[in-house]
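# Residue-level structural notes
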Amino acid sequence: QVQVVESGGGLVQPGGSLRLSCIASGSIGRLGVMGWYRQVPGKQRELVASISRAGVANYDNSVQGRFTISRDSAKKSIDLQMNSLKPEDTAVYYCNVEDFSENYWGKGTLVTVSS
């Protein structure tokens, strides 16, 4: 199967930055769309940013202009550069990868934005 591992979460002050990384491994055939999602208590998991094989990125309006997603298909990885972080960005961030139309999730990494 495919394993997905996120890293880079932690505690940061408002206005600060973090860089999240996600690496896929295992029996991978052909990776399709890869993306970052986040979830907070009482709300559904929501898309933060995604990126296609062609490098086309899609962002939620709440992070547009502050977050940047990047992809390295050879390394089977994606990063999420998060700048100008706000308390409302606090959430568990999950990496999702598509392989042969099957979706795989990481266990998540916690991002806490607080002074």
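Above this text is the structure in question.
Quick look at the structure, then. (Residues numbered from 1 in each chain as written. Predicted model: local features only at pLDDT ≥ 70, side-chain atom pairs only at ≥ 80, totals over all residues. Heavy atoms only, no water.)

Strands sit in the order S1-S3-S8-S7 across an open sheet of 4 strands; the sheet is antiparallel. Among the strands making up the open sheet, the edge pair consists of strand S1 (2–7) and strand S7 (67–72). Averaged over all adjacent pairs, the angle separating strand axes in this sheet is 15°, with direction ignored. Here 6 bridges tie S7 to strand S8 (residues 77–82), and the two strands are oriented antiparallel to one another. The partner of Ile69 across the bridge, within S8, is Leu80. (Pairing = 2+ DSSP bridges. Helix = DSSP H or I, 4+ residues; strand = E, 2+ residues; numbered from the N terminus. Axes fitted to C-alpha atoms, helices over the stretch in contact; angles between N-to-C directions.)

Take the packing of aromatic side chains next. Within the structure shown, the criterion is met by 1 aromatic pair. Taken together, a centroid distance of 5.0 Å and an interplanar angle of 65° make the contact between Tyr37 and Trp105 edge-to-face. Of this pair, Tyr37 sits in strand S4 (residues 31–39) while Trp105 sits in strand S10 (residues 102–105); the two residues are 68 residues apart in sequence, bridging distant segments of the chain. Judged by its relative accessible area of 23%, Tyr37 falls in the partly exposed class. On the basis of relative accessible area, Trp105 is assigned to the partly exposed category, the value being 38%. (Phe/Tyr/Trp six-rings, centres within 6.5 Å; stacked < 30°, edge-to-face > 60°. Buried < 20%, exposed > 50% of the residue type's maximum accessible area, 1.4 Å probe, protein only.)

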